[in-house]
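# Working through the structure, step by step
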Amino acid sequence: MKKFSFAQVNFQQGPEEFNSFYLPYTAGIVACYALSDIAVSTRWQLDHLLYKREPIDQVVEKLKDQDCVALSTYVWNREWNYALGKALKQANPDITIVVGGPEPAVTDDKIFENYPWIDIVVVMEGEYVFHQLLKQDFEDLESIAGILINRNGTAVKTADSGRINDLEHLPSPYLNGMFDKLIADNPGHSWIATLETTRGCPY
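Presented here is a report on the structure given in the accompanying data block. (Residues numbered from 1 in each chain as written. Predicted model: local features only at pLDDT ≥ 70, side-chain atom pairs only at ≥ 80, totals over all residues. Heavy atoms only, no water.)

## Notes on the overall build of the protein chain
Worth spelling out the cut-off: Secondary structure follows DSSP: runs of H or I at least 4 residues long count as helices, runs of E at least 2 residues long count as strands, and numbering of each begins at the N terminus. Atoms counted for the radius of gyration: C-alpha only. Globule rule: 2.2 Å times residue count to the power 0.38. Three labels apply to residues, based on accessible area from a 1.4 Å probe with only protein chains included: buried if under 20% of the type maximum, exposed if over 50%, partly exposed otherwise in between. Contacts: residue pairs with any heavy atoms within 4.5 Å of one another. In this tally Asp and Glu are treated as negative and Lys and Arg as positive; neither His nor the chain ends contributes. The atom standing in for a charge is NZ when the residue is Lys, CZ when it is Arg, CG when it is Asp and CD when it is Glu.
What the protein chain contains, in helices and strands, is seven helices and nine strands. Here the C-alpha atoms of the protein chain give a radius of gyration of 16 Å, agreeing with the 17 Å that 2.2 N^0.38 yields for 203 residues. Seen through its C-alpha atoms, the protein chain measures out along the principal axes to roughly 45 × 40 × 40 Å. Residue burial in the protein chain is summarised as follows: out of 203 residues, 44% are buried. If you take every contact in the protein chain between residues at least 6 apart in sequence, the share linking residues at least 24 apart comes to 70%. Looking at charge distribution, the protein chain has the averaged site of its 17 positive side-chain charges lying 3 Å from that of its 28 negative ones.

This is how it looks when you write it as structure tokens:
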């Protein structure tokens, strides 16, 4: 069984005594959708779901034996994610690093010159794309729409992926138990849940 982990880290929220964190909804729903396919879940397992900042060296020790680490990247965690990805690649050159979210510079032709440790960038929404990456075991990447592939520092763009217009058919990480272990393992936390009612920036 191959292992993948997801990082969608954020800051602690509110007063310190609340010990409050966001549940990693984006990572949860992307992993949820991929694992809802038996062709994926019989070959891949979600190992770690990271939601808070910890020292990079400790996280590397936790994740360096993974087959894939996916980094859900926003303005508030970009530098931490990039430091983690680089350190993981140094610790294990065979690990596959996938970066998604709104922050990767997908229009920059030199993205892989600047960040050579990234293997794949997801250009838009992650559910369909990440599912295909796992289903195909990261083989025949050019056939998977919606990604940038690092080919020796050169960005190879595949076909555009379609937008997900109907969120109803995406499995919920709240309802299918994706977060149950995370919550049980951290009984001192209070949690903030994101509810997604629509998608896409109107501007």
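## Focus on the nonpolar core
Let me state the cut-off plainly: Only buried residues count toward a nonpolar core. Its members are Ala, Val, Leu, Ile, Met, Phe, Trp, Tyr and Cys residues joined through side-chain atoms within 4.5 Å.
In this structure, Phe6, Phe130, Leu133 and Phe138 are the most contacted members of the largest nonpolar core, which totals 35 residues. Where this core is concerned, the elements lending two or more residues are β1 (2-10), α1 (25-35), β3 (44-52), β4 (68-72), β6 (120-122), α6 (127-135) and β7 (147-151). With eight residues, the single largest contributor to this core is α1. For Phe130, the residues in contact, after removing those within four places along its chain, are Phe4, Phe6, Val30, Ala34, Cys68 and Ala70.

## Comments concerning the layout of surface pockets
Short version of the rule: Put simply, the grid is 1 Å and covers the protein atoms alone, a cavity is a trapped set of points that fit a 1.4 Å probe, a pocket is an open set with protein on both sides within 12 Å along at least five of seven lines, and lining residues have an atom within 4 Å of a point. Grid points are joined across faces, edges and corners, and a volume is the space filled by probe spheres set on the points. Classification convention: Asp, Glu, Lys, Arg as charged; Ala, Val, Leu, Ile, Met, Phe, Trp, Tyr, Cys, Pro as nonpolar; all other residues, Gly among them, as polar.
Put simply, the largest pocket is a space of about 820 Å³. Where the lining of the largest pocket is concerned, the elements lending two or more residues are β1, α1, β4, β5 (96-100) and α6. When its residues are assigned to classes, the lining of the largest pocket shows 19 nonpolar, nine polar and five charged.

## Topic: the pattern of salt bridges
Rules: For salt bridges, the criterion is a side-chain nitrogen of Lys or Arg within 4 Å of an Asp or Glu carboxyl oxygen.
Under the counting rule described, the total for this entry stands at 16 salt bridges. Put simply, Asp137 and Lys2 hold a salt bridge, and the shortest N to O gap is 3.9 Å. Of the two residues, Asp137 sits in the loop between α6 and β7 while Lys2 sits in strand β1, which places them 135 residues apart along the sequence. Overlapping salt bridges bring together Glu125, Glu127, Arg163, Glu196 and Arg199 as one network.

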